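# Descriptive structure summary
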Amino acid sequence: QLVRKSFNIVEKAIEGFTNQLSNVSIKKMDTKTVDGLPAIQHEIRGNTTGKEVIYYLLTVEGKSQFYQVCAWTLKDKLDTYGDDVKAIVNSFKEI
């Protein structure tokens, strides 16, 4: 699991989305390993400028720092681009 410090990092990132969106829903999708590093993935849904959007936020605990990877799609494009957006987020590599 991610260390306690990551909780604050994740909360701050999610807070940034909730400040920008209306009708927000947040779902913790998965605690996983990405590139051999512990990670937490969230799905954040909401409305902005009259459009429904879905963000995929991945927080990764690196060897010496935390990383956040975010990608999004419009809700009405989820069937077309959803798998690609998830693949992009999960392709993280620490260099």
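Look up a bit, the structure's there.
Structure report, in brief. If you're wondering where the values come from, they're calculated on a predicted model, not measured in any experiment.

By size, the foremost hydrophobic cluster in this structure holds 13 residues, and its most contacted members are Leu58, Val60, Val89 and Phe92. Broken down by secondary-structure element, the contributors of at least two residues to this core are β2 (37–48), β3 (51–61), β4 (66–74) and α2 (78–89). When residues in this core are grouped by element, the largest group, four residues, is from β3. What Phe92 contacts, discounting residues up to four positions off in sequence, is Val34, Asp35, Leu37, Leu58, Val60, Tyr67 and Val69. Core analysis: the second largest hydrophobic core is formed by nine residues, Ile14, Phe17, Leu21 and Tyr55 among them.

Turning to the pattern of salt bridges, a few remarks are in order. All told, the structure shown has four salt bridges when counted by the stated rule. The residue Glu94 makes a salt bridge to Lys63 at a minimum N-O spacing of 3.7 Å. A residue pair is termed long-range when its members are at least 10 positions apart, and Glu94 in the segment after α2 and Lys63 in the loop between β3 and β4 qualify at 31 residues. Judged by relative accessible area, Glu94 falls into the buried class, the value being 17%.

Here β3 lies mainly inside the structure; nine of its eleven residues are buried. Linkage of β2 to β3, two consecutive antiparallel strands, is achieved through a turn of two residues, within which Thr49 is found at a positive phi near 45°. The sheet contact formed by β3 and β4 spans nine bridges and is antiparallel. Paired with Val53 across the bridge in β4 is Leu74.

Rules behind the numbers
- Residues numbered from 1 in each chain as written.
- Predicted model: local features only at pLDDT ≥ 70, side-chain atom pairs only at ≥ 80, totals over all residues.
- Heavy atoms only, no water.
- Core = buried A, V, L, I, M, F, W, Y, C linked by side-chain atoms within 4.5 Å.
- Buried < 20%, exposed > 50% of the residue type's maximum accessible area, 1.4 Å probe, protein only.
- Helix = DSSP H or I, 4+ residues; strand = E, 2+ residues; numbered from the N terminus.
- Contact = heavy atoms within 4.5 Å.
- Salt bridge = Lys/Arg side-chain N within 4 Å of Asp/Glu carboxyl O.
- Pairing = 2+ DSSP bridges.

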